[in-house]
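# Architecture and fold: a report
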Amino acid sequence: MNEFINLIKTRRSIRRFLPEQIKDEELQTIIDAAIHAPSGHNEQPWHFTVIQNKELLDHFNAVIKKLMSESGVDWISAIGRSEKSHIFHHAPTVIIVSGKKGAYSALVDCSAATQNMLLAAHSMGIGSCWIGLVNFLFKIKEEVQKLSIPEGYEPFYAIALGYPDPSFQPRQIERKKDVVNYIK
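Below is a summary of the structure that appears in this document. (Residues numbered from 1 in each chain as written. Predicted model: local features only at pLDDT ≥ 70, side-chain atom pairs only at ≥ 80, totals over all residues. Heavy atoms only, no water.)

Our focus in this paragraph is the packing of helix H2 (residues 24-35) against helix H5 (residues 106-123). One can describe the packing of H2 onto H5 by two numbers: an axis separation of 7 Å at closest approach and a directional angle of 145°. With respect to the hand of their crossing, H2 and H5 are arranged in right-handed fashion. Residues Ile-30, Ala-33 and Ala-34 of H2 form the contact with H5, whose own contacting residues are Ala-113, Asn-116, Met-117, Ala-120 and Ala-121. Here the contact of H2 with H5 is composed, by residue class, of seven nonpolar, one polar and no charged. (Axes fitted to C-alpha atoms, helices over the stretch in contact; angles between N-to-C directions. Helix = DSSP H or I, 4+ residues; strand = E, 2+ residues; numbered from the N terminus. Left-handed = near helix turned anticlockwise from the far one by under 90°. Contact = heavy atoms within 4.5 Å. Nonpolar A, V, L, I, M, F, W, Y, C, P; charged D, E, K, R; others polar.)

Tracing the chain through its elements places Arg-11 in the loop between helix H1 (3-10) and H2. Here Arg-11 occupies a buried position and makes no salt bridge, while the nearest side chain of opposite charge, Glu-3, is found at 16 Å. In this structure, Arg-11 is in contact with Leu-118, Leu-119, His-122 and Ser-128, ignoring residues within four places of it in sequence. (Buried < 20%, exposed > 50% of the residue type's maximum accessible area, 1.4 Å probe, protein only. Lys, Arg positive; Asp, Glu negative; His and termini not counted. Salt bridge = Lys/Arg side-chain N within 4 Å of Asp/Glu carboxyl O.)

Right, let's get into the pattern of salt bridges. Oppositely charged side chains can pair when the atoms bearing their charge come close. Taken as a whole and assessed by the stated rule, the structure comprises three salt bridges. For the salt bridge of Glu-70 with Lys-66, the shortest nitrogen-to-oxygen distance reads 2.8 Å. For the pair Glu-70 and Lys-66, a shared accessibility class is recorded, and that class is exposed. Across the salt bridge formed by Glu-143 and Lys-146, the nearest N and O atoms sit 3.2 Å from each other. Overall, the relative accessible area of 41% leaves Lys-146 in the partly exposed class.

Right, here's the structure in full:
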């Protein structure tokens, strides 16, 4: 099988990380992969905020979980109430992905950049997890200000990064195959 196709098929969301920080060179390679993503009209409407401050990540986790616990959606409120859960899975590095307001396709473009980061990390043996529940944090202006996101950008989601805990292997996920129709 083609090496790149194998990389795509073997990437999994990692939710257990070792505590040590990833190397600066590895982080830069992951970010470089993101900025080489395609974008509509070549706007490149992304901005990346790298957080490697454990206290700040733990603070954000507490804020997010409190809001989640108040959710009317059962599975979300259950995660929010769980003492075991950590929104960032105790990853030593978290990247907040933001998009330029008013850009033609900022959300899609930032999603392509995010996928590039996930694949680049996997190719280097670094675990990653795309975090959507971080959006609870983005509803609180005072908390978003702590991210120092440039004016004119809005945060979309986060990526947790770190070395995977070797004692935990993510399971193979069955993929839906009945999702294509052909018109010839």
